[in-house]
Protein chains: 2
Amino acid sequence: MEEKTEGAVVIEGRAAPGPFVFVCEHAVNAFPARWGALGLDAATRESHAAWDPGALGLARALAARLQSPLVRATHSRLIYDLNRPPHSKGAMPARSEIYEIPGNRAVTPEERLARTEALYIPFHAELRALLAQKLARGERPLLVTVHSFTPVWHGQPRAVECGIIHDADPSLAEAVLAEACGQTGLDSRLNEPYSAADEVTHTLALQATPLGLKNVMLELRNDLIADAPAQEAMADRLSAVLRAAASALAQRGEVT
Amino acid sequence: MEEKTEGAVVIEGRAAPGPFVFVCEHAVNAFPARWGALGLDAATRESHAAWDPGALGLARALAARLQSPLVRATHSRLIYDLNRPPHSKGAMPARSEIYEIPGNRAVTPEERLARTEALYIPFHAELRALLAQKLARGERPLLVTVHSFTPVWHGQPRAVECGIIHDADPSLAEAVLAEACGQTGLDSRLNEPYSAADEVTHTLALQATPLGLKNVMLELRNDLIADAPAQEAMADRLSAVLRAAASALAQRGEVT
């Protein structure tokens, strides 16, 4: 089920027949030898600055339950944050929350180009190809990006548990929010703890909006998906939410 | 200066230093052996249904004057119209104006997928890569798609000579319109003879809008660019228009 492409992206379950395409841009905290550890100590490489802890396990469990493909990153977002365009400072941040990133303090134009060519371009090309193939087959996939956020941010605890974020078209996000509030006990909120204004909808804007595909970004507080049992339990809840949200859109004629 | 990629796209002047990226999706009326002639007679293969006559010559002459790259198609738009997404009927139209397209009457899902994989996916991947590389280098390219339209449509003559069409961000189109009206004697109009509502801004929406790049689609009446001298003369006028429009945006701080 696993297929590697040029090292920048793995598509798991490429031929899975379900209606969703899951994306996990911050899946892992890997620092391949080509890029090195960016001067980070082990604690920072383990922290939420380097990846979205728990997001990959949740995304895989959702993809399995909904029989849909998962497109995921293979390297830390501190090397290249695939949810940011190449001109964004956030693509290779010099600082992330309370963490300094020495290897990103003075990224040369050559280095920025090399990371863009090695990571951003192939990742988004593979995702685009998968979506275009589905469109050519008459499918209208629903794009769901899966993220996690830290429970404490700059020293402040966060109450929100499940953030549901949209790009230009809010319809799937609103349907997911309605189901999440109705079906789960989660503190679920629209466009929290981040929103499109924070640049976090780049993948949605690049991959779904121009093709008219329904889309949503899920942000789970990472203490709720800290290990495999918690990820499986959360996927039980959220897969039912996503299935019901897709049905609601279909009943309104908004997806086929 | 010419480089071929998988047969679906040619990038001319890839390293040219100018601020524009020109795109010509309907550059040629070639029917490569793999796809055949779609049952069309020679007259239809020469007609505007199969390509945008004069657009490639104009686009090349503009790219040369503005020292900018040109990304162009290598096959007739009747095989795959690169300015349409894979689920659009217009990507492989069964009819175009007064012309029936026998080879597109009953495109199977396998054939639709094959054309999408061979033509749409690599064309847009190469264009995306070129733009992403420029962004990584700190450039903010202006995307200009170059088209032509027939002077007589369903028997009706068209008065408009230069159509200037925009996607979500009208700023470059409006600047081009102001310069075209001021500098040239051309009958220049915004969002004529087509507009985004006719699906003609797919390339702009896919490639420029998500990256915040200024963009415009130029539609020239093809009797005005019928041969090389006419194309060169038109490029003299329109290159000055584009240069002035870019300067106007830069003066307003809208491009860097």
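Once a new chain begins, its residue numbering starts again from 1 and follows that chain's sequence as written. Labels follow written order: the first chain is A, the first ligand is 1, and so on. Given that the model is predicted, a residue must reach a pLDDT of at least 70 before its local features are reported, and side-chain atom pairs must reach 80 or more before they are shown or counted; all residues, however, enter totals for whole chains, interfaces and linings. Where side-chain values are given, they derive from all heavy atoms of the structure, hydrogens and water being excluded.

Engineer: Please clarify how the overall build of chain A should be interpreted in this entry.
Structural biologist: By definition, any uninterrupted DSSP run of H or I lasting at least four residues is a helix, any uninterrupted run of E lasting at least two residues is a strand, and each is numbered from the N terminus. Secondary structure summary: chain A contains 6 helices and 12 strands in total. All radius of gyration figures rest on C-alpha atoms, and the globule criterion is 2.2 Å times the number of residues raised to 0.38. The globule rule puts the C-alpha radius of gyration for 256 residues at 18 Å, and the 17 Å found for chain A is close to it. For chain A, the spread of C-alpha atoms along the three principal axes comes to 50 × 40 × 30 Å. Buried, partly exposed and exposed residues are distinguished by accessible area as a fraction of the type maximum, computed with a 1.4 Å probe on protein chains only: under 20%, between the cut-offs, and over 50%, respectively. Here chain A holds 256 residues, and 60% of them are scored as buried.

Engineer: Looking at this model, I keep getting lost on the nonpolar core. Mind explaining?
Structural biologist: Most often, soluble globular proteins have nonpolar side chains that are buried together. Think of a nonpolar core as a cluster: buried Ala, Val, Leu, Ile, Met, Phe, Trp, Tyr and Cys residues, connected wherever their side-chain atoms sit within 4.5 Å. One finds V71 of chain A together with V71 of chain B to be the most contacted residues of the largest nonpolar core, which totals 92 residues. We call two residues contacting when some pair of their heavy atoms lies within 4.5 Å. Residues in contact with V71 of chain B, not counting those within four places in the same chain, are V9, V10, I11, V21, F22, V23, C24, F123, L127 and L130 of chain B.

Engineer: How should the side chain of H48 of chain B be read in this particular structure?
Structural biologist: For H48 of chain B, the location among the structural elements is in the loop between α1 (42–46) and α2 (55–65). Leave out the neighbours within four places in its chain, and H48 of chain B touches P53, R77, E97, Y99, T150, W153 and N222 of chain B.

Engineer: Which parts of the structure should I look at to understand the interface of chain B and chain A?
Structural biologist: Where the parts come together, the accessible area they lose is often given as the size of the interface. Counting residues at the interface gives 23 residues for chain B and 23 residues for chain A. Two parts placed together each lose some accessible area under a 1.4 Å probe, and the buried area is that loss summed for both. Together, H87, L113 and A136 of chain B form the three largest contributors to the area buried by chain B at its contact with chain A, with a combined 24%. Salt bridges are counted wherever a side-chain nitrogen of Lys or Arg sits within 4 Å of a carboxyl oxygen of Asp or Glu. Our count for the chain B to chain A interface comes out at 0 salt bridges. Here the residues of the side of chain B that touches chain A sort into 14 nonpolar, 4 polar and 5 charged. Ten residue types, Ala, Val, Leu, Ile, Met, Phe, Trp, Tyr, Cys and Pro, are classed as nonpolar, four, Asp, Glu, Lys and Arg, as charged, and the remainder, Gly among them, as polar.

Engineer: Looking at this structure, I do not really get the confidence of the model for chain A. What am I missing?
Structural biologist: Detail in the predicted coordinates should be disregarded across regions flagged by low pLDDT. Scored between 0 and 100, pLDDT is the confidence that the predictor attaches to each residue. In the predicted model, chain A carries a mean pLDDT of 95, and the fraction of residues at 70 or more is 97%. When the criterion is pLDDT under 50, residues 1–6 of chain A qualifies, and its contacts beyond four places in sequence or with other chains add up to 16 contacts.

Engineer: Even after reading the chapter, I still don't get the environment of G253 of chain B, so can you show me in this structure?
Structural biologist: Following the sequence through the fold, G253 of chain B ends up in the segment after α6 (228–251). In this structure G253 of chain B comes out as exposed when scored by relative accessible area, which is 58%.

Engineer: Sorry if this is basic, but what is going on with the relation of the copies chain B and chain A here?
Structural biologist: Applying a rotation about an axis and a shift along it to one chain copy brings it onto the other copy. Our superposition of the copies is a least-squares fit, built on the C-alpha atoms of residues whose pLDDT is at least 70 in both. Once turned by 180° and shifted 0.0 Å along the axis, chain B lies on chain A with an RMSD of 0.0 Å. Here the symmetry operator amounts to a two-fold rotation axis. Proximity to the rotation axis, assessed at the C-alpha, singles out A125 of chain B in chain B; its C-alpha lies 3.0 Å from the axis.

Engineer: What am I meant to see in the packing of helix α4 (residues 171–183) of chain B against α6 of chain B here?
Structural biologist: A pair of packed helices is characterised by two quantities: the angle between their axes and the separation of those axes. Residue and element names in this part refer to chain B. Closest axis-to-axis distance for the α4/α6 pair is 8 Å, and the angle between their directions is 130°. Accordingly, the angle class assigned to the pair α4 and α6 is oblique. Seen along the crossing, α4 lies across α6 with a hand that is right-handed. Contacts between α4 and α6 involve S171, L172, A175, V176, E179, A180 and Q183 on the former and, on the latter, R237, A240, V241, L242, A244, A245 and L249. The residue inventory of the contact of α4 with α6, partitioned by class, reads 10 nonpolar, 2 polar and 2 charged. Axis definition: a line fitted to C-alpha atoms, over the contacting stretch in the case of helices. Angles run 0 to 180 degrees between N-to-C directions. We call two directions roughly parallel when the angle between them is under 35 degrees, roughly antiparallel when it is over 145, roughly perpendicular when it lies between 65 and 115, and oblique otherwise. Should the near helix be turned anticlockwise from the far one by less than a right angle, the crossing is left-handed, and should it be turned clockwise, the crossing is right-handed.

Engineer: Any chance you could explain α2 of chain B here in plain terms?
Structural biologist: Note on helix geometry: an α-helix contains 3.6 residues per turn, so any two residues three or four positions apart are oriented the same way. All names here are of chain B. When α2 is considered as a whole, its buried residues turn out to be A55, L56, L58, A59, A61, L62 and A63. Turning to α2, the residues buried within the fold contact β3 (20–24), β4 (70–73), β7 (142–149), β12 (215–221) and α6. Residue Q67 follows α2 closely and has a positive phi angle near 50°.

Engineer: How should I be thinking about unusual backbone geometry in this particular structure?
Structural biologist: Keep in mind that most residues, glycine aside, have a negative phi and that most peptide bonds are trans. Along the chain, E192 of chain A connects to P193 of chain A via a cis peptide bond; the corresponding omega equals -5°. Positive phi outside glycine occurs at L38 of chain B, with the angle close to 60°. Its place among the elements puts L38 of chain B in the loop between β3 and α1. Residue L38 of chain B is classed as buried on the basis of its relative accessible area of 8%.

Engineer: Teacher, can you tell me more about the pattern of salt bridges here?
Structural biologist: Here the idea is simple: oppositely charged side chains can pair when their charged atoms come close. Residues and elements named next belong to chain A. Inspection of every chain in the model, using the stated rule, returns 34 salt bridges over all chains. We note a salt bridge from R115 to E111, for which the minimum N-O separation is 2.8 Å. Highlighted residues: R115 and E111, both in helix α3 (residues 109–136), separated by 4 residues, approximately one helical turn. Looking at R115, the relative accessible area reads 2%, which means it is buried.

Engineer: Where do I start with α4 of chain B in this structure?
Structural biologist: Residues and elements named next belong to chain B. With 13 residues, α4 extends 18 Å from end C-alpha to end C-alpha; this agrees with the ideal 18 Å at 1.5 Å per step. Among the residues making up α4, those that are buried are S171, L172, A173, A175, V176, L177 and A180. Buried-residue contacts for α4 involve β7, β10 (162–165), β11 (188–190), β12 and α6. Multiplying 1.5 Å by the helix residue count minus one yields the expected span of that helix.

Engineer: I keep staring at the state of the cysteines and nothing clicks. Help me out?
Structural biologist: In a disulfide, the sulfur atoms of two cysteines are covalently bonded to one another. Disulfide: a pair of cysteine sulfur atoms within 2.5 Å of each other. This structure, assessed with the given rule, holds 0 disulfides over all chains. Not part of a disulfide, C162 of chain A finds its nearest cysteine sulfur in C181 of chain A, a span of 8.5 Å.

Engineer: Would you mind going over the side chain of H147 of chain B with me for this structure?
Structural biologist: Residue and element names in this part refer to chain B. With respect to the helices and strands, H147 occurs in strand β7. Among the polar contacts listed, one links the side chain of H147 to the side chain of D52, at a separation of 3.1 Å. Beyond its immediate sequence surroundings of up to four residues, H147 is in contact with E25, H26, D52, A55, N83, M217, L218, E219 and L220. By the criterion applied in these results, polar contacts are pairs of N or O atoms within 3.5 Å in which, for protein atoms, one can donate a hydrogen and the other can accept it, and in which residues neighboring in sequence qualify only through two side-chain atoms.

Engineer: What should I look at first to understand the environment of R115 of chain B in this one?
Structural biologist: Sequence spacing of R115 of chain B and L131 of chain B is 16 residues, and the spatial spacing of their C-alpha atoms is 24 Å. With residues near it in sequence (within four places) discarded, R115 of chain B still touches W35, L38, L78, I79, Y80, M92, G103, N104, V107 and Y120 of chain B.

Engineer: Help me understand the pairing of strand β2 (residues 9–12) of chain B, please; the structure alone is not making it clear to me.
Structural biologist: Taken residue by residue, a regular strand's side chains alternate between the two faces of the sheet. All names here are of chain B. Residues of β2 alternate between two faces, with V9 and I11 on one and V10 and E12 on the opposite face, all of them buried. Where β2 and β4 come together, 4 bridges link them in antiparallel fashion. Considered in β4, the bridge of I11 is made with V71. Should DSSP find at least two bridges between two strands, the strands are taken to pair.

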